[in-house]
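Architecture and fold: a report
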Amino acid sequence: AFQTYLRTYPNGSQINDARAGMTKALIAAKRMPEALAAISSLRNLRSRTGSQGIDNYAAVLALTLDIADSLMAEKKLSEALDLLQTSRSRDQVIERQRQRILELDRIYRQASATAGGSNDAYSALGANRDALATRLNDARAALKSVEENTTFDIPRLLREGQCYMEINEPGEDTAVSNEILA
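Residues numbered from 1 in each chain as written. Predicted model: local features only at pLDDT ≥ 70, side-chain atom pairs only at ≥ 80, totals over all residues. Heavy atoms only, no water.

**As for the overall build of the protein**
Which entries qualify depends on this criterion: Per the convention used, a helix needs a DSSP run of H or I reaching at least four residues, while a strand needs a run of E reaching at least two, with both numbered from the N terminus. The cut-offs for exposure are 20% and 50% of the maximum accessible area for each residue type, with area from a 1.4 Å probe on protein chains only; residues under the lower value are buried, those over the upper are exposed, and the others partly exposed. Pairs of residues are marked as contacts when any of their non-hydrogen atoms sit within 4.5 Å. Exposure was quantified through the Shrake-Rupley algorithm and a 1.4 Å probe, taking into account, for residues, occlusion by the shown protein chains and nothing else.
Secondary structure summary: the protein contains 9 helices and 0 strands in total. Helices (α) and strands (β) of the protein occur, in sequence order from the N terminus, as α-α-α-α-α-α-α-α-α. Out of the 182 residues belonging to the protein, those deemed buried represent 40%. Pairs at least 24 residues apart make up 63% of the contacts formed inside the protein by residues separated by at least 6 positions. Element-wise, carbon and sulfur atoms account for 51% of the exposed surface of the protein, whose accessible area totals about 10,300 Å².

**With respect to the pattern of salt bridges**
Operational definition: Definition used for salt bridges: Asp or Glu carboxyl oxygen within 4 Å of a side-chain nitrogen of Lys or Arg.
Following the criterion strictly, the structure yields 14 salt bridges and no others. Between lysine 76 and glutamate 74 there is a salt bridge; the shortest N-O distance is 3.3 Å. Using a relative accessible area of 33% as the deciding quantity, one classes lysine 76 as partly exposed. Judged by relative accessible area, which is 32%, glutamate 74 ranks as partly exposed.

**A short note on empty space enclosed by the protein**
Using the following cut-off: The definitions used throughout rest on a 1 Å grid laid over the protein atoms alone, on which a cavity is an enclosed set of points accommodating a 1.4 Å probe that cannot get out and a pocket is an open set flanked by protein within 12 Å on both sides along at least five of seven lines; lining residues are those having an atom within 4 Å of a point. Grid points are joined across faces, edges and corners, and a volume is the space filled by probe spheres set on the points.
As enumerated under the stated definition, the model contains 1 cavity of 30 Å³ or more in all. Volume-wise, the largest cavity comes out at about 70 Å³. If you trace the largest cavity, you find it lined by Arg43, Tyr57, Val60, Leu61, Thr64, Ser87, Arg88 and Val93. Looking at which element gives the most residues to the lining of the largest cavity, the answer is helix 4 (residues 57-73), with 4 residues.

**Concerning the nonpolar core**
How we decide: Residues enter a nonpolar core if they are buried and are Ala, Val, Leu, Ile, Met, Phe, Trp, Tyr or Cys, with the set joined through side-chain atoms within 4.5 Å.
Ile39, Ile67 and Cys163 are the most contacted members of the largest nonpolar core, which totals 43 residues. For this core, the leading source of residues is helix 4, giving 10 residues. In contact with cysteine 163, other than residues within four places in its own chain, are Met72, Leu77, Ala80, Leu81 and Leu84.

**Brief notes about helix 2 (residues 15-28)**
Keep this limit in mind: By definition here, a helix of n residues has an expected span of 1.5 Å times n minus one.
Its 14 residues place the ends of helix 2 20 Å apart at the C-alpha level, agreeing with the 20 Å of an ideal helix rising 1.5 Å per residue. Within the sequence span of helix 2, burial applies to Ile15, Asn16, Ala18, Arg19, Gly21, Met22, Thr23, Leu26 and Ile27. Of the surrounding elements, those touching the buried residues of helix 2 are helix 1 (2-8), helix 3 (32-43) and helix 4. The first or second residue beyond helix 2 is lysine 30, which carries a positive phi of 60°.

**Notes on the environment of tyrosine 108**
Along the chain, the position of tyrosine 108 falls in helix 6 (residues 90-115). Ignoring any residue separated from it by four or fewer positions in sequence, one finds tyrosine 108 in contact with Arg129, Leu132, Ala133 and Leu136.

**Brief notes about the packing of helix 4 against helix 5 (residues 77-85)**
Two quantities define a packed helix pair, namely the angle between the helix axes and the distance between the axes. To keep things clear, this is the line we draw: For every element, the axis is a line fit to its C-alpha atoms; helices are fit only across the contacting stretch, and the angle between N-to-C directions ranges from 0 to 180 degrees. Roughly parallel covers angles under 35 degrees, roughly antiparallel covers those over 145, roughly perpendicular covers 65 to 115, and oblique covers all other angles. Working rule for handedness: look at the near helix, and if it is turned counterclockwise from the far one by less than a right angle, call the crossing left-handed; if clockwise, right-handed. For this scheme, ten residues count as nonpolar: Ala, Val, Leu, Ile, Met, Phe, Trp, Tyr, Cys and Pro. Four count as charged, namely Asp, Glu, Lys and Arg, and the remainder, Gly too, count as polar.
Closest axis-to-axis distance for the helix 4/helix 5 pair is 8 Å, and the angle between their directions is 165°. Considered as vectors, helix 4 and helix 5 are oriented roughly antiparallel to each other. Of the two possible hands of crossing, helix 4 and helix 5 adopt the one that is left-handed. Residues Thr64, Leu65, Ile67, Ala68, Leu71 and Met72 of helix 4 touch helix 5, and the partners they reach there are Leu77, Glu79, Ala80, Leu83 and Leu84. Among the residues forming the contact of helix 4 with helix 5, the class breakdown is 9 nonpolar, 1 polar and 1 charged.

This is how it looks when you write it as structure tokens:
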């Protein structure tokens, strides 16, 4: 269903939800090469218009950790480590989330101006404005959650350390341990 949506509506308003759903489905089906490609498309997504983009970067990191866990269970430690090392840190997630909120706010203001004073939620313009308001509020809540979670990086770092230990690179796992402690 997600693949059908992506083919049918390549610029659809729910495209990133479809990409995230497809990634979750691929993880559940243990189709790791495809899951890796899907997470890469999510992580590298950039919007030209601002209307599409990732509204919750923490959710993308959660999918990344799920893929890393599956790779680690399959003893594909180098692949898991590469994925973890290229994932975003808390500070990077916060910065990206703030940028996304600014984009959504700009788009919401444009939609509000276009919809005018109409409070008719059933009109197309009113529905678009209301959907954008919901997305904006959700993006703000995601930012607040990451900002309040000072241990946000620890799950990623623990997995990196475990990969280094199993690959038998003691200097690297010590460096990761020190970063966790800091």
